[in-house]
Amino acid sequence: MAESDHKDFIENSDRAVSEMKKEKSRKTEQKALDEKQKKATEGVKAENEKTLSEMTTECTEKKLSFQEKQQLRAEEIEAIAKAIEILSGDDVSGNAEKHLALAQRATSLAQARSLRAQSQGIHRRIREFLEHEGQRLKSQRLAMLAERVMADPFAKVKQMI
């Protein structure tokens, strides 16, 4: 009986050792998984902290920009109010017709110059086209027409106007 108890004790001890080794192996694997997950979590945390830092900086810059723009708008509104005050004053009233007429004449002269420059540009493009086509088609008539377009008889008159 002592021998059978001794064998049972050894078998039970071997089984317990085997179970403990399995448990140790399982815990070692779990520890490795936990450490791997911890490293991944720390990486995500570092990225999140970097993003937070960048966003904080960006928001601070936008806040300052917004405040500067608001200040600028307030100054613009103040300047417009001052201009309205000046324009509605007694010193300026009555002179509007005089100054507006001069401004309108200056505008019409500028428009006339612009139209003249446009018409000269159109004449030049027509002349170039006619010359090119005259050369391409070997047509003397188109070449002569291009010369006549270039020698606009009313150019000086138009310029004087």
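These numbers were taken from a predicted model, which means no experiment stands behind them. (Residues numbered from 1 in each chain as written. Predicted model: local features only at pLDDT ≥ 70, side-chain atom pairs only at ≥ 80, totals over all residues. Heavy atoms only, no water.)

The helix and strand tally for the protein stands at four helices and zero strands. In the protein, the succession of helices and strands from N to C terminus is α-α-α-α. Classification of the 161 residues of the protein by burial places 4% in the buried group. If you sum the accessible surface of the protein, you get close to 15100 Å²; carbon and sulfur atoms cover 58% of it. (Helix = DSSP H or I, 4+ residues; strand = E, 2+ residues; numbered from the N terminus. Buried < 20%, exposed > 50% of the residue type's maximum accessible area, 1.4 Å probe, protein only. Areas by Shrake-Rupley, 256 points an atom, 1.4 Å probe, with all protein chains shown as cover.)

Let's shift gears to the confidence of the model for the protein. The predicted model of the protein averages 78 in pLDDT, with 69% of residues at 70 or higher. When mean pLDDT is taken per element in the protein, helix H1 (residues 2-87) scores highest with 90 and helix H4 (residues 155-160) scores lowest with 58. (pLDDT = per-residue confidence, 0-100.)

Turning our attention to the pattern of salt bridges. Here the structure, examined in full by the defined rule, presents five salt bridges. The partner of Glu-23 in a salt bridge is Arg-26, with the nearest N and O atoms 2.3 Å apart. In this pair, Glu-23 and Arg-26 both sit in helix H1, three residues apart, roughly one turn of the helix. Between Lys-45 and Glu-49 there is a salt bridge whose closest N-O contact spans 3.7 Å. (Salt bridge = Lys/Arg side-chain N within 4 Å of Asp/Glu carboxyl O.)

The subject of this paragraph is a negative patch on the surface. A contiguous patch of negative charge on the surface is contributed by Asp-5, Asp-8, Glu-11 and Asp-14. Relative to the helices and strands, Asp-5 resides in helix H1. (Patch = residues over 30% accessible without salt bridge, like charges linked within 9 Å, V, L, I, M, F, W, Y side chains within 5 Å. Lys, Arg positive; Asp, Glu negative; His and termini not counted. Charge placed at Lys NZ, Arg CZ, Asp CG, Glu CD.)

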